[in-house]
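Observations on the three-dimensional arrangement
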Amino acid sequence: MRKIIVLTFVTLDGVMQSPGGPTEDTSGNFAYGGWVVPYFDELLGQVMAGQMGKPFALLLGRKTFEIFASYWPDHDDEWSGINEATKYVASNTLTSHAWQNSVFLNGDVAGQIKQLKQQDGPDIQVHGSGNLIQTLLKHDLVDEFWLKIFPVTLGAGKRLFDSGTMPAAYTLVESKTSPSGVMIGTWKRAGEVKTGEIPA
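Numbers given for residues are sequential positions, taken from 1 along each chain in its written order. Restriction of local features to residues with pLDDT of at least 70 applies here, the model being predicted, together with a cutoff of 80 or more for giving and counting side-chain atom pairs; totals for whole chains, interfaces and linings are based on all residues. Side-chain metrics in this entry use all non-hydrogen atoms of the structure; hydrogen atoms and water are not considered.

1. Considerations on the pairing of strand S3 (residues 87-90)
Formally: Burial here depends on accessible area, computed with a 1.4 Å probe over protein chains only, as a share of the maximum for the residue type. Under 20% is buried, over 50% is exposed, and the range in between is partly exposed. We count a stretch as a helix when DSSP gives it H or I for four or more residues in a row; a strand needs E for two or more, and each element gets its number in order from the N terminus. Here the rule is simple: two strands pair whenever DSSP picks up at least two bridges between them.
Alternating positions in S3 separate into two faces, Lys87 and Val89 on one and Tyr88 and Ala90 on the other, with burial throughout. With 4 bridges joining them, strand S2 (residues 57-61) and S3 adopt parallel strand pairing. Looking at the pairing, Leu59 lines up with Tyr88 of S3. Both S3 and strand S4 (residues 102-105) contribute to a ladder of 4 bridges, which runs parallel. Within S4, the position partnered with Val89 by the bridge is Phe104.

2. Examining the pattern of salt bridges
Put simply, the rule reads: The term salt bridge refers to a pairing of a side-chain nitrogen on Lys or Arg with a carboxyl oxygen on Asp or Glu at a separation within 4 Å.
The full count for this structure, using the stated rule, is 10 salt bridges. Taking the shortest distance from any N to any O, the salt bridge between Lys63 and Asp25 comes out at 3.7 Å. Note that Lys63 is positioned in helix H2 (residues 62-69) and Asp25 in the loop between strand S1 (4-11) and helix H1 (42-52), a separation of 38 residues in sequence. Its relative accessible area of 37% is what places Lys63 among the partly exposed residues. A residue is classified by how much of its surface remains accessible, and Asp25, at 11% relative accessible area, is buried. In this structure, a network of salt bridges that share partners links the residues Lys3, Asp123, Glu144 and Lys188.

3. What to know about the packing of aromatic side chains
Each aromatic ring pair is summarised here by two numbers: the centre-to-centre distance and the angle between the ring planes. We apply this condition: Here a pair means two rings of Phe, Tyr or Trp (six-membered ring of Trp) with centres within 6.5 Å. Their orientation is stacked below 30 degrees between planes, edge-to-face above 60, and tilted elsewhere. For a ring to carry a charge above it, either NZ of a lysine or CZ of an arginine must fall within 6 Å of the ring centroid while also lying within 35 degrees of the normal to the ring plane.
In total, this model carries 13 aromatic pairs according to the counting rule given. Plain terms: the ring middles of Tyr39 and Phe150 are 6.3 Å apart, the flat faces sit at 70 degrees to each other, and that makes the pair edge-to-face. Residue Tyr39 is found in the loop between S1 and H1, and its partner Phe150 is found in strand S6 (residues 144-150); the two are separated by 111 residues along the sequence. Geometrically, the ring pair formed by Phe56 and Trp79 is stacked, given 5.3 Å between the ring centres and 25 degrees between the ring planes. Linking Phe56 in the loop between H1 and S2 with Trp79 in the loop between H2 and S3, this pair joins segments that are 23 residues apart in sequence. Its relative accessible area of 3% is what places Trp79 among the buried residues. Three or more aromatic residues joined by ring pairs make a cluster, and in this case those are Phe9, Trp35, Tyr39, Phe40 and Phe150. The ring of Trp99 has Lys87 lying over it, and the distance from NZ or CZ to the ring centre is 4.4 Å. The ring of Tyr170 has Arg189 lying over it, and the distance from NZ or CZ to the ring centre is 5.9 Å.

This is the structure we're talking about:
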């Protein structure tokens, strides 16, 4: 069974929108695009290289796919295997693209992703794709979060955990902090939420 792994840059207040640059996603008049840049140090780069160097397929929303497709086909020396990897794209409007190994999902996307998880193959990484992540969370399809939590709050923007997130428990299996203060953690799905009462 394949895992769905969400790799996300996120602020302390949960914003994941437009981390890489000012024009990446300005929807909702978002004015802080590129907020990761002042904190992106050598250790964080090494962690990202290690995670992106594992065997993988990609699951992307349309907007993230189009951003990737405008850059990575000509820069595969920076991400080995990106062109050969299967790119699953959730979109109601896009049905084909020249970028090799792109497969388009539409209609019952959650059902199709459940089927993908049952197949043999490498784990499936989700980068960006904020709207798609909400669908994954609503249907409890995320197996792991590989998060980078940045020491900044923005107050507005698309959030990683928005309305519709299913209650779920996770286990922290790895963590470290970069010199610039970015918390890097891996959380694995760990059953149902348990509750209790703190003794008086």
